[in-house]
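# Structure assessment
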Amino acid sequence: MGYSSPDYKTFAENPFPSLGVTETMMVNFSFTYQVYSNARVGFSEWISFTSDTYEGEDFDRSIKYRAVIIETYFFPMKKLELNFTLGPMINSGSISLTTKQTVDAWDTLMDEFNNSSIEISSSDEMTTTFYGVTSSFGARFYLKPYLAIEAQIGFMENYYSKDNWSFQGKDIKGPNIDVEDLPLFTFGMVYGW
Amino acid sequence: MVKLLAIAIICFSVLLGQDTEKTENPCQSELIKRAKREGVRSIKITELPTYVIDLWKCRKEKEGKKTFKRINEKTNIEDYKSSEQFTGFTATCAYCSAASVLIFYIFKLSGN
């Protein structure tokens, strides 16, 4: 789990659904591979996600913070590891809306086969990509050689612009959110070889 | 379909024809002995399935628990010895990371 404090300004207002726990608590997972006696490289992702209704239609909003990380570490004592992480980030945001509507042409075709009119579901999403960097340090305690608990403190520095969204291949404006300099606290279990 | 069946029969025959390494005591298998000697990280990822099967069999043996404990202790010692201090470029990465986090929080807490 990752804790941070982004300011989702636009999303905090009506008629958007309430942000809920995923505003500050994000799901985080990482994969790393040891490449040196004191270093691992890998991939890490934090996900902030909301799924609710907007104006009565199905609404999904997700912001994924993704980092390619290099993690260096040492053991000050047996079973206890101190680690330091650095990495560039390629983040993505998406907002999707699924609407139900009737289409005349479909209604006519349905009538030909003696059906009543049918609501058609239509879904599309607007997306953005923005870059950033992340850094953190923390401690990992090995309960078993393959199982550990970990806590980290760090930050994300993101370069988000509301003008860089796209929808159906067209550039559009997106929501006003503040994710520029985010403190980051991560707690988790580590399983590996 | 007939081709697939033929391939399956051939593969099955080859597998049956192989000599499997039989040890009286699964806790004395080559992989477990190596893990006891050099820690669990000495087991390669390709050897992992065999090692897990050996461990599974070993758990039923008298000295199973003792073997597990010894492997875990040896792994902890080996991890500690191999990564007791930074080597090469890793120290630079750690200093950069620690310094950037500290600077971030100093600025954050000072309100800038």
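Up top is the structure.
Quick summary incoming for the structure in this document. Only a predicted model underlies this, so the values are computations on that prediction, with no experimental measurement involved. (Residues numbered from 1 in each chain as written. Chains lettered and ligands numbered in written order. Predicted model: local features only at pLDDT ≥ 70, side-chain atom pairs only at ≥ 80, totals over all residues.)

## Digging into the overall build of chain B
Within chain B, the secondary structure is distributed over five helices and zero strands. The order of helices and strands in chain B, counted from the N terminus, is α-α-α-α-α. By sequence separation, contacts in chain B at least 24 residues apart represent 63% of the contacts at least 6 residues apart. (Helix = DSSP H or I, 4+ residues; strand = E, 2+ residues; numbered from the N terminus. Contact = placed C-beta atoms within 7 Å.)

## Looking at the overall build of chain A
Along its length, chain A carries one helix and ten strands. Seen in sequence order, chain A has helices and strands lined up from the N terminus as β-β-β-β-β-α-β-β-β-β-β. For chain A, the C-alpha radius of gyration of 22 Å lies well beyond 16 Å, the compact-globule estimate for 193 residues. On the principal axes, the C-alpha backbone points of chain A span a range of 75 × 35 × 30 Å. Taken over 193 residues, chain A has a buried fraction of 27%. Of the contacts formed within chain A by residues at least 6 apart in sequence, a portion of 58% connects residues at least 24 apart. (Rg over C-alpha atoms; globule rule 2.2 N^0.38 Å. Buried ≥ 20, exposed ≤ 12 C-beta atoms within 10 Å, placed from the backbone.)

## Regarding the interface of chain B and chain A
Counting from both sides, the interface comprises 25 residues of chain B and, opposite them, 25 residues of chain A. Of the residues forming the side of chain B that touches chain A, the biggest block, ten residues, is contributed by helix α5 (residues 90-110) of chain B. Here the residues of the side of chain B that touches chain A are counted per class, giving twelve nonpolar, ten polar and three charged. (Nonpolar A, V, L, I, M, F, W, Y, C, P; charged D, E, K, R; others polar.)

## So, the nonpolar core
Ranked by internal contacts, the top residues of the largest apolar core, which has 22 residues, are Tyr65, Ile70, Phe155, Met156 and Leu182 of chain A together with Cys93 of chain B. When residues of this core are traced back to their parent elements, those giving at least two are β3 (39-54), β4 (57-77), β5 (80-101), β7 (147-159) and β10 (181-191) of chain A together with α5 of chain B. The biggest single contributor to this core is β4 of chain A, with five residues. Core analysis: the next-biggest nonpolar cluster, separate from the first, contains eight residues, Cys27, Val40, Leu55 and Cys58 of chain B among them. (Core = buried A, V, L, I, M, F, W, Y, C linked by C-beta atoms within 7 Å.)

## Some remarks on the packing of helix α2 (residues 30-38) of chain B against helix α4 (residues 64-82) of chain B
Residues and elements named next belong to chain B. Running from N to C, α2 and α4 point in directions that differ by 45 degrees, and their axes come no closer than 7 Å. With respect to each other, α2 and α4 are oriented oblique. Contacts between α2 and α4 involve Ile32, Ala35, Lys36 and Glu38 from the former and Thr67, Arg70, Ile71, Lys74 and Glu78 from the latter. (Axes fitted to C-alpha atoms, helices over the stretch in contact; angles between N-to-C directions. Parallel < 35°, antiparallel > 145°, perpendicular 65-115°, else oblique.)

## Observations regarding the pairing of β4 of chain A
Residue and element names in this part refer to chain A. For β3 and β4, the ladder comprises 16 bridges, and the chain directions are antiparallel. Bridging across to β4, Ser48 finds its partner in Ile63. Note: β4 against β5, 14 bridges, orientation antiparallel. Residue pairing in the sheet places Ile70 in a bridge with Leu86 of β5. (Pairing = 2+ DSSP bridges.)

## Some remarks on the pairing of β7 of chain A
Residue and element names in this part refer to chain A. As defined by bridge partners, strand β6 (residues 120-144) adjoins β7 across 13 bridges and the pair is classed as antiparallel. Bridge pairing in β7 places Gly138 opposite Gln152. Between β6 and the antiparallel strand that follows it, β7, lie two residues. In this structure, β7 lies alongside β10, joined through eleven bridges in antiparallel fashion. Bridging from a neighbouring strand, Ala148 pairs with Val190 of β10.

## Quick notes on helix α1 (residues 104-112) of chain A
The buried count for α1 of chain A comes to zero of nine residues, which makes it a mostly uncovered element. The first or second residue beyond α1 of chain A is Asn114 of chain A, which carries a positive phi of 60 degrees.

## Focus: the environment of Ser30 of chain A
Residue and element names in this part refer to chain A. Structurally, the position occupied by Ser30 is in strand β2 (residues 25-36). Residues Ser30 and Arg66 lie 36 residues apart in sequence; the distance between their C-alpha atoms is 9.6 Å. Setting aside residues no more than four positions away along its own chain, Ser30 makes contact with Gly42, Phe43 and Ser44.

## What to know about α4 of chain B
Residues and elements named next belong to chain B. With 19 residues, α4 should cover 27 Å at 1.5 Å per step; its first-to-last C-alpha distance of 27 Å lies within 8% of that length. Of all the residues in α4, the buried ones are Thr67, Ile71, Thr75 and Asp79. Around the axis of α4, the buried residues are gathered within 100 degrees of arc, so they sit on the same side. Exposed positions of α4 whose direction lies more than 90 degrees from the buried face are Lys65, Lys66, Lys69, Ile77 and Lys81. (Expected span 1.5 Å × (residues − 1). Arc of directions from axis to C-beta.)

## What about the environment of Val35 of chain A?
Residue and element names in this part refer to chain A. Residue position: Val35 is located in strand β2. Residue class for Val35 comes out exposed when judged on the 11 C-beta atoms lying within 10 Å of it. On a C-alpha basis, the gap between Val35 and Ile70 in space is 9.8 Å, while along the polypeptide they are 35 residues apart.

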